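Summary of structural features
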Amino acid sequence: MKENKAASWSVNIVLTLFAVVSFFPIYMSVVNSFKTQGEIFDSVLALPETFSLANYIGVFQELNLLSSAWNTLIVTVVGLAGIVICGSLAGYKLARTSGKFSNFIFMMFVASMLVPFHSIMITLSQMAKGVGAQGSLIGLGFIYIGLGVNMSVFLYHGFVKAIPKELEEAAKIDGCNDFQIFTKIIFPLLKPITATILVLNVLWLWNDFLLPLIMLTDVNNYTLMLSINMLFGQYAADWPKILAALVLTALPVVVFYAFFQKYILEGIADGAIK
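A brief report on the enclosed structure follows.

About the cut-offs
- Along each chain, numbering runs from 1 in the same order as the chain's sequence is written.
- For this predicted model, a pLDDT threshold of at least 70 governs which residues receive local features, and a threshold of 80 or more governs which side-chain atom pairs are given and counted, while totals over whole chains, interfaces and linings are taken from all residues.
- Hydrogens and water are ignored here; the side-chain numbers use all heavy atoms of the structure.
- Counting from the N terminus, the helices are the DSSP runs of H or I reaching at least four residues and the strands are the DSSP runs of E reaching at least two.
- We call a residue buried when its accessible area falls under 20% of the maximum for its residue type, exposed when it is over 50%, and partly exposed in between, using a 1.4 Å probe and counting protein chains only.
- Think of a polar contact as two N or O atoms within 3.5 Å of one another; within protein, one of them needs to be a possible hydrogen donor and the other a possible acceptor, and neighboring residues in sequence only count if both atoms come from side chains.
- Note on definitions: a residue-residue contact is assigned when non-hydrogen atoms from the two residues lie within 4.5 Å.
- Any Lys or Arg side-chain nitrogen located within 4 Å of an Asp or Glu carboxyl oxygen qualifies as a salt bridge.
- What is meant by a nonpolar core is a set of buried Ala, Val, Leu, Ile, Met, Phe, Trp, Tyr and Cys residues, joined one to another through side-chain atoms within 4.5 Å.
- A helix is expected to span 1.5 Å for every residue after the first.
- The arc in question is formed by the directions pointing from the helix axis toward the C-beta atoms.

To continue, consider the overall build of the protein chain. Helix and strand content of the protein chain: 13 helices and 0 strands. Listing the helices and strands of the protein chain from first to last along the sequence gives α-α-α-α-α-α-α-α-α-α-α-α-α. Along the first, second and third principal axes, the C-alpha atoms of the protein chain reach 70 × 70 × 35 Å. Relative to its 274 residues, the protein chain shows a buried fraction of 37%.

Written out as structure tokens, the structure is:
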């Protein structure tokens, strides 16, 4: 009994240390977003002398933050919708179709996950310019679909395999066609893995910097990360406002994750049982 208590205490201490280490960057960002530049350079760990919203007000005055947030939302929604729709349909069809060709297509999706973005970004930029997608928010969203659908197909493919085929056979007997079987029976069962895919991709799409930097040329179409980058000068950076902008940018993602967290845990539990 004493050994079990000692092991439990050891695990709790280790987890607490990991929690403190994980929370430390959040503490640094939030606390320093209320400071002046001089206070940050004086001590980044200390609390601000006075909690002022001047940095947050300054961010809204200097950056068109609401417009940038709207641009980021458009790109994220288009990307997420395409990744979920295309990934779920392809994953379902590949999982339910046997044969060498189906296996080959699935392995091509898996193999594409190993290709680093930096090796294709120049070619991708040239292709986007050729089809008129460069500088377009919708075009950027479609590029995200192409880059993110491979992981989506891989996850959906594994989850669909755990769904009994008898459900589909019973639906066919009741008169459902293939589209009705997918939309009314299969896709609702994919809710846990869909929530996981949404969270993973929203973190990527909302916070991505490199691809929008390459694709977007008009300042009016800038995403949040590109707008925040404008606070970095050639010789200096306005760190208080940068941190304030980052805190504001992170809030929607935190709320999104908090809402879908229960579905992610559901998916882990369902996967363990299956």
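Now that the structure has been shown, we can carry on.
Examined against the element boundaries, threonine 72 turns out to sit in helix 4 (residues 65–96). A polar side-chain atom of threonine 72 sits 2.8 Å from the main-chain carbonyl oxygen of serine 68. A polar contact of 2.9 Å, which involves the side chain of threonine 72, links it to the backbone nitrogen of leucine 224. For threonine 72, the residues in contact, after removing those within four places along its chain, are Trp206, Thr223 and Leu224.

For the structure on display, the rule yields 3 salt bridges. The salt bridge partner of arginine 96 is glutamate 168, with a shortest N-O separation of 2.5 Å. In this pair, arginine 96 sits in helix 4 while glutamate 168 sits in helix 8 (residues 166–173), placing the two residues 72 residues apart along the sequence. Just as arginine 96 is buried, glutamate 168 falls in that class too.

Bringing the nonpolar core into the picture now. What tends to happen in soluble globular proteins is that the nonpolar side chains get buried as a cluster. Residues Leu140, Ile186, Leu190, Leu211 and Met215 are the most contacted members of the largest nonpolar core, which totals 35 residues. Once residues within four sequence positions are removed from consideration, leucine 140 is found in contact with Val75, Ala133, Leu211, Pro212, Met215 and Leu216. Leu65, Leu224, Ile228 and Val253 belong to the second-largest nonpolar core, a separate cluster that totals 16 residues.

Time to look at helix 9 (residues 178–189). In an α-helix there are 3.6 residues to a turn, and that puts residues three or four apart on one side. The terminal C-alpha atoms of helix 9 lie 16 Å apart, and with 12 residues this matches the ideal 16 Å at 1.5 Å per residue to within 8%. Of all the positions in helix 9, only Ile181, Phe182 and Ile186 are classed as buried. Seen from one end, helix 9 has its buried residues packed into an arc of 90°, which puts them on one side. Residues of helix 9 that are exposed and point more than 90 degrees away from the buried face comprise Phe179 and Lys184. Packed against the buried residues of helix 9 are helix 4 and helix 8. At the N-terminal boundary of helix 9, the capping side chain belongs to asparagine 177, with an oxygen 3.2 Å from the backbone nitrogen of phenylalanine 179.

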